[in-house]
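Working through the structure, step by step
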Number of protein chains: 2
Amino acid sequence: MTQSAEPVRRGRGRRPTDQVRREVLQAAGELLLAEGMGGFTIEKVAALAGASRVTLHKWWPSKGALALAGYFSVVGHTLAFPDTGDIATDLTAQIRAFVHLMRDTRAGHVIPELIGQAQTDAELSAAYRERYSAPRRALAVEALERAKQRGQVRADVDSEVVVDQLWGACYHRLLIPDLPLTDEFAEALVANLLTGIGRP
Amino acid sequence: MTQSAEPVRRGRGRRPTDQVRREVLQAAGELLLAEGMGGFTIEKVAALAGASRVTLHKWWPSKGALALAGYFSVVGHTLAFPDTGDIATDLTAQIRAFVHLMRDTRAGHVIPELIGQAQTDAELSAAYRERYSAPRRALAVEALERAKQRGQVRADVDSEVVVDQLWGACYHRLLIPDLPLTDEFAEALVANLLTGIGRP
């Protein structure tokens, strides 16, 4: 990938802090999408945004944390978990959407690299959990708890474990790609859990 | 971590290729365990083993591939999946052992870093799947297929998907540590899948 972001036009005097911040995030997101984590450095973002490295280091504790913030700034992520009243329908729709996101969009390249970088970047790891995984986990757990109220899921089930067996199973194929992420996979994940794989 | 491997004694003439290879792998494994991927370079391994960088680059296509080979050389991994005749017992034992390995041993630091590095190192990713994840996946699938023969698992279940919902769920908590890996988690994973979480 050779395409990169254009430097922000300079020499027009001092910008307000909020504007600098927005332009830095925009530059960071575009650089990440264009070059991946392999070509992502705080120095390049500073140059593209016409900001100082010192400022960037002050605002973001690591290059991974800046990359993640830039990613959200450019791509955006809606936190939505529609509730049709049927947990099987809703979980299948959510997992299919996640599979689509990771298989068919740029997120499928960037998210694994960010998780990879997070293994040796504690600030990125914390930011990823705080801004991305934890709120999504909470939404899924709430949906499962509502399903318990409706009698669709057993009350003694730990909803957190279910999240790992649905989304975690997808991350597994994303990060260790022994097998592909498919729609059939998404459906089998939900069916296996709701029905059980044991002989009745 | 500051402790590092001792350089192999040098100046004793030309070693046979097999011996050089063994000593390089030993040095690579010790360096990885002492310093993690953050301090791991082909240059350091070459210096520690008294071998040439050119030789190392010839034998291993990337620093990640060398790190993984060194890890197996030092730590070793037995491929075992005991069969008691009861799939619930056997899966629980395997998952508990995996949780123990990742929570209580050095593998829990090294394996996430190797998977992280694999996201931007195609040779490491291929080596990880070939040498580690694929053979382990195959053993688990074989156990599930035997359980189908015994009537403990439904014949229409895709055993590959089950692997993602057990081991993949553990990797999820390992790589995105929103929640800890515990024995209770291991047991819930197996129970959720075998019994199902839906109201009967």
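All values reported here derive from a predicted model rather than from experimental measurement. (Residues numbered from 1 in each chain as written. Chains lettered and ligands numbered in written order. Predicted model: local features only at pLDDT ≥ 70, side-chain atom pairs only at ≥ 80, totals over all residues. Heavy atoms only, no water.)

Residue and element names in this part refer to chain A. Its domain assignment divides chain A into domain 1 (17–75) and domain 2 (87–195). Computed from C-alpha coordinates alone, the two centres of domain 1 and domain 2 are separated by 27 Å. Each side of the interface is counted separately: domain 1 has 15 residues, and domain 2 has 14 residues. Across the interface of domain 1 and domain 2, roughly 1200 Å² is buried in total on both sides, 74% from carbon and sulfur atoms. The largest contributions to the domain 1 side of the interface with domain 2 come from Leu68, Tyr71 and Phe72, which together make up 41% of the buried area. Seen at the junction of domain 1 and domain 2, the total is 0 salt bridges. In this structure, the connection of domain 1 to domain 2 is made through 3 residue pairs in polar contact (both at pLDDT 80 or more). Those elements giving two or more residues to the side of domain 1 that touches domain 2 turn out to be α1 (17–35) and α4 (63–75). When residues of the side of domain 1 that touches domain 2 are assigned to their parent elements, the largest contribution, 8 residues, is made by α4. Considered class by class, the residues forming the side of domain 1 that touches domain 2 number 10 nonpolar, 4 polar and 1 charged. (Domains from an automatic or database assignment. Contact = heavy atoms within 4.5 Å. Buried area = accessible area lost by both parts, 1.4 Å probe. Salt bridge = Lys/Arg side-chain N within 4 Å of Asp/Glu carboxyl O. Polar contact = N/O pair within 3.5 Å; in protein donor to acceptor, adjacent residues only side chain to side chain. Helix = DSSP H or I, 4+ residues; strand = E, 2+ residues; numbered from the N terminus. Nonpolar A, V, L, I, M, F, W, Y, C, P; charged D, E, K, R; others polar.)

Here chain A sits on chain B after a turn of 180 degrees about the axis and a move of 0.0 Å along it, with an RMSD of 0.0 Å. Taken together, the rotation and translation relating the two chain copies correspond to the operation of a two-fold axis. Take the interface residues of chain A: 100% of them recur as interface residues in chain B, which is what a same-surface contact looks like. (Least-squares fit on C-alpha atoms with pLDDT ≥ 70 in both.)

Judged by nonpolar contacts, the single largest core of 136 residues is most densely connected at Tyr171 of chain A together with Tyr171 of chain B. Leaving out residues up to four positions away in the same chain, tyrosine 171 of chain B has contacts with His172 and Ile176 of chain A together with Phe98, Ile111, Ile115, Tyr128 and Tyr132 of chain B. (Core = buried A, V, L, I, M, F, W, Y, C linked by side-chain atoms within 4.5 Å. Buried < 20%, exposed > 50% of the residue type's maximum accessible area, 1.4 Å probe, protein only.)

Let's shift gears to the environment of leucine 166 of chain A. Residue position: leucine 166 of chain A is located in helix α8 (residues 159–175). Residue classification places leucine 166 of chain A among the buried residues on the basis of a relative accessible area of 1%. Ignoring sequence-local partners within four residues, the contact set of leucine 166 of chain A consists of Leu91, Ile95, Leu189, Val190 and Leu193 of chain A together with Gln165 of chain B.

All names here are of chain A. Taken as a whole and assessed by the stated rule, the structure comprises 12 aromatic pairs over all chains. Ring centres 5.7 Å apart and planes at 85 degrees place the aromatic pair tryptophan 59 and tryptophan 60 in the edge-to-face group. The exposure class assigned to tryptophan 59 is partly exposed, which follows from its relative accessible area of 23%. Here tryptophan 60 falls in the buried class, since its relative accessible area comes to 7%. In this arrangement the basic side chain of arginine 21 is found over the ring face of tryptophan 59, its NZ or CZ atom lying 5.3 Å from the centre. Sitting above the plane of the phenylalanine 185 ring, arginine 173 keeps its charged end 3.8 Å from the centroid. (Phe/Tyr/Trp six-rings, centres within 6.5 Å; stacked < 30°, edge-to-face > 60°. Lys NZ or Arg CZ within 6 Å of the ring centre and 35° of its normal.)

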